[in-house]
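Spelled out from the first residue to the last, the chains are:
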Amino acid sequence: MSMFAFASIDDLKNKLAKKEVTPQELVQYYAQRFAKYDDSLGSALEIFDTNSVLKDAINSGPLAGIPGLIKDNICQDGRRASCASKILENYIATYDATVVKNLKNAGALLMGRANMDEFAMGSSNEHSAYKKCRNPWNDQCVPGGSSGGSAAAVAAGLVPWALGSETGGSVRLPAAFCGIVGIKPTYGLVSRYGLIAYASSLDQVGVLTRGVKDNAHVLSAIASHDPKDSTSIASQDYDYVKNINMSLPKEFTIGVVANALNAEGLDLQVKHAVEQAIKFYGEDLKINIKYLDLKTLDYSAAAYFIISRAEAASNLARFDGVRYGLRSKQAQNLYDMYADTRHDGFGDEVRLRIMVGNYVLSEGHAGQYYHNAQKVQRMIRQEIIDTFTKVDLLITPSQAMPAFKIGAFDQDKLQMDLQDYFTCFVNLAGLPAISVPCGFTKDGLPLAFQLVGPHLSEAVLYRAAYQYEQAHDWHKKQPSNF
Amino acid sequence: MVKITREEVLKLATMSRIHIHENEIEELISQLKSVLSYAERVSEICGDVSVASSKNSNVFRADEVVYTDSQSILAQAPQAEDNYFVVLPILDK
């Protein structure tokens, strides 16, 4: 059975079709792996009872019988959805998120809830209110965040795929730290209905898998036009698998974001690995490579901090001790009940982000912060639109550094926040981007680059990523303790 | 460097409906200063530049009543009675 641990979705589909294994056996097999490894890894907040996973499963569809894990901020009817927060400890979702409904209709088996940073706020998974999650390649290091549990479970071969969510890089960063593939789709390609909001104008559900084709399988299943999400957009085609083998068109150009590659503080091993990937595209695939600067890049993290915190302050106002789970018991009046509940129910990071959000929106500060951040966001969008008239895709590092030690940034939260430096401009511009593994540090920690494309260019991103992946062995490497 | 006073933090906490304990104030001041000082750089680049907003359009749907089982939603509340959420009194007797 051990051959299933790191099997691709296509392999599993073949084995299921040939009846070499049943969906029930697969779920039991992965449940046993969680039981064996996850006490120390900490990737899941809950693995459901096997019978309940199989009970309503449809045994047909593109993901029939393929188990996966869902980030804990995505609603699964009748299951807990805590956002790894104490304030939603006992919240049971009363409906399926559209992505969950789509996955069930595709026959997928949803095994449990992935650990994460509380309300998806963090870059290391250290802000989970429940437990630490560790990096499968080095248990002293973080898996990245905020979708850290999703990334760690997939990288450790505990499950073939997982859903995560992004606001500023929360799928691509943990994918890079854990040596797997992570996609952040075009804003609106995947429905946000049932994704518990952090910053609604930036949030998007993403997919984490060990291989590029696996990733395309899952995105094909979850992407849809959804009238329940007013920002949902209709695409011509949701099949990202069929043309994945196609080589890139002639006269294709990849733009290297030079000021990202030369950014102060970029780890040299990351830089070297990304340069090797650029060389592969230019020399092996004979693709045009064009170096350019994105002048707005260096302002994107600041604009992202402001816009995301402002929206968070508004979105998280609903957690007030009236409608969901936790309520402070000692309060004598309504105000104290709100304020005590929100102090005790939210962790430090969430409280800080709500307060930053209210500051940048408040009278006297909104002009300097929020309105200027919106202007910068428009400048970023305009610069990107202009850039994609000259190049087809962009390449940058996904990460500023390899996975860091647990606790490394306890005393320097700004540096922790700046882990989103290379990723958040993508969210501000609503673009799709994919993080692709491209090597290891001398200490064995994974490295990655990201490809960024114009709106709705997911099919091309997958093709470009697949060409790289198939010419290298990185995706075949497995962490040794699993 | 942005200046944040103790009074401002307390006002911000009130606006945010979050109680702040005395021993948390110093740390909050330092963290707010750090992130806001970094975020200030947005003013450097945009200045008085006017940039056209994107051409977003509104999306509407029909206002149709759909049956929802309110009991499963009320069951999540710390306190509920009949078809209502129960809160502490907001008017003096």
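Note that the coordinates shown come from a computational prediction; the quantities given were computed from them, not determined experimentally. (Residues numbered from 1 in each chain as written. Chains lettered and ligands numbered in written order. Predicted model: local features only at pLDDT ≥ 70, side-chain atom pairs only at ≥ 80, totals over all residues. Heavy atoms only, no water.)

Concerning the confidence of the model for chain B
Part 1: Averaged over all residues, the pLDDT of chain B equals 89, while 90% of them reach at least 70.
Part 2: Note on the complex model: pTM 0.97, ipTM 0.94. (pLDDT = per-residue confidence, 0-100.)

Here's the deal with the packing of aromatic side chains
Part 1: For the structure shown, the criterion picks out 22 aromatic pairs over all chains.
Part 2: Both rings, one in A:Phe305 and one in B:Tyr38, keep their centres 5.6 Å apart while their planes meet at 50 degrees; by these two values the pair is tilted. Residue A:Phe305 is found in helix 10 (residues 297-315), and its partner B:Tyr38 is found in helix 2 (residues 25-39); the two belong to separate chains. For the pair shown, A:Phe305 and B:Tyr38 are each scored as buried.
Part 3: Grouped by ring-pair contacts, the aromatic residues A:Tyr91, A:Phe119, A:Phe319, A:Tyr324 and A:Phe346 constitute a single cluster.
Part 4: Against the face of A:Phe48 rests A:Arg79, its NZ or CZ located 3.6 Å from the ring centre. (Phe/Tyr/Trp six-rings, centres within 6.5 Å; stacked < 30°, edge-to-face > 60°. Helix = DSSP H or I, 4+ residues; strand = E, 2+ residues; numbered from the N terminus. Buried < 20%, exposed > 50% of the residue type's maximum accessible area, 1.4 Å probe, protein only. Lys NZ or Arg CZ within 6 Å of the ring centre and 35° of its normal.)

Looking at the sheet that holds strand 11 (residues 446-452) of chain A
Residue and element names in this part refer to chain A.
Part 1: Strand order across the open sheet formed by 11 strands is 1-3-2-4-6-5-10-11-9-7-8, with mixed pairing between neighbours. The sheet is open, and its two edges are formed by strand 1 (44-47) and strand 8 (288-292), each paired on a single side. Taken over all neighbouring pairs, the strand axes of this sheet differ in orientation by 30 degrees on average, direction set aside.
Part 2: With four bridges joining them, strand 9 (residues 393-397) and strand 11 adopt antiparallel strand pairing. By the bridge assignment for strand 11, Pro 397 is matched with Phe 449. (Pairing = 2+ DSSP bridges. Axes fitted to C-alpha atoms, helices over the stretch in contact; angles between N-to-C directions.)

Remarks on the pairing of strand 2 (residues 67-71) of chain A
All names here are of chain A.
Part 1: Burial analysis of strand 2 places five of its five residues in the buried class, the great majority of the element.
Part 2: Side chains Pro 67, Leu 69 and Lys 71 of strand 2 all project onto a buried face; the interleaved residues Gly 68 and Ile 70 project onto the opposite face, where all are buried too.
Part 3: Here strand 2 pairs with strand 3 (residues 109-114) via five bridges, running parallel. Bridge pairing in strand 3 places Ile 70 opposite Arg 113.
Part 4: Handedness of the crossover joining strand 2 and strand 3 through helix 4 (residues 98-105): right-handed.
Part 5: Inspection of the sheet shows strand 2 paired to strand 4 (residues 161-166) by three bridges, in the parallel sense. Paired with Ile 70 across the bridge in strand 4 is Leu 163. (Right-handed = clockwise from strand over helix to strand, strands pointing away.)

So, the pattern of salt bridges
Residue and element names in this part refer to chain A.
Part 1: For the structure on display, the rule yields 18 salt bridges over all chains.
Part 2: With a shortest N-O distance of 3.0 Å, Lys 213 and Asp 10 are connected by a salt bridge. Placement of Lys 213 in helix 7 (residues 212-222) and of Asp 10 in helix 1 (residues 9-17) is noted, with a sequence separation of 203 residues between them.
Part 3: Given the relative accessible area of 24%, Asp 10 is considered partly exposed.
Part 4: Lys 413 is paired through a salt bridge with Glu 349; the nearest N and O atoms lie 2.1 Å apart. A residue pair is termed long-range when its members are at least 10 positions apart, and Lys 413 in helix 14 (residues 413-417) and Glu 349 in helix 12 (residues 348-361) qualify at 64 residues. (Salt bridge = Lys/Arg side-chain N within 4 Å of Asp/Glu carboxyl O.)

Here we look at the interface of chain B and chain A
Part 1: The interface of chain B with chain A comprises 49 residues on the first partner and 55 residues on the second.
Part 2: For the chain B and chain A pair, buried surface summed over both sides reaches about 4600 Å², with 68% attributable to carbon and sulfur atoms.
Part 3: Counting the surface chain B buries against chain A, the share from its top three residues, B:His19, B:Tyr38 and B:Gln76, is 16%.
Part 4: The tally of links between chain B and chain A comes to one salt bridge.
Part 5: The residue A:Arg351 makes a salt bridge to B:Glu24 at a minimum N-O spacing of 3.6 Å.
Part 6: Linking chain B to chain A there are 16 residue pairs in polar contact (both at pLDDT 80 or more). (Contact = heavy atoms within 4.5 Å. Buried area = accessible area lost by both parts, 1.4 Å probe. Polar contact = N/O pair within 3.5 Å; in protein donor to acceptor, adjacent residues only side chain to side chain.)

Let's talk about the pairing of strand 9 of chain A
Residue and element names in this part refer to chain A.
Part 1: Within strand 9, five of the five residues are buried, leaving the element largely enclosed by the surrounding structure.
Part 2: For strand 7 (residues 253-257) and strand 9, the ladder comprises three bridges, and the chain directions are parallel. If you follow Gly 255 over to strand 9, its bridge partner there is Leu 394.

Side note on unusual backbone geometry
Glycine aside, a negative phi is what most residues show, and trans is what most peptide bonds show.
Residue and element names in this part refer to chain A.
Part 1: A cis amide bond links Gly 145 to the next residue, Ser 146, at an omega of 5 degrees.
Part 2: Mapped onto the elements, Ser 146 comes out in the loop between strand 3 and helix 5 (148-155).
Part 3: Phi angles above zero are rare outside glycine, and Phe 119 is one such case at about 55 degrees.
Part 4: Relative to the elements of secondary structure, Phe 119 occurs in the loop between strand 3 and helix 5.
Part 5: Even without a glycine there, the phi angle at Lys 286 is positive, about 55 degrees.

Side note on the side chain of A:Arg33
All names here are of chain A.
Part 1: Within the secondary structure, Arg 33 is located in helix 2 (residues 23-41).
Part 2: Although buried, Arg 33 forms no salt bridge, and the nearest oppositely charged side chain, Asp 38, lies 10 Å from it.
Part 3: Engagement of the side chain of Arg 33 in a polar contact is seen with the backbone oxygen of Gly 157, the distance being 2.7 Å.
Part 4: If sequence neighbours within four positions are ignored, Arg 33 has contacts with Ala 5, Phe 6, Asp 38, Ala 156, Gly 157, Leu 158 and Phe 482. (Lys, Arg positive; Asp, Glu negative; His and termini not counted.)

Things to note about the nonpolar core
The nonpolar side chains of a soluble globular protein tend to be buried, and buried together.
Part 1: Core analysis: the largest hydrophobic core is formed by 181 residues, its most contacted members being A:Leu103, A:Phe119, A:Trp161, A:Leu163, A:Tyr281, A:Phe449 and B:Leu36.
Part 2: Considering every element that reaches this core, the biggest residue donor is helix 10 of chain A, with 12 residues.
Part 3: Formed by nine residues, the second largest nonpolar core is a distinct cluster that contains A:Leu173, A:Phe177, A:Phe404 and A:Met416. (Core = buried A, V, L, I, M, F, W, Y, C linked by side-chain atoms within 4.5 Å.)

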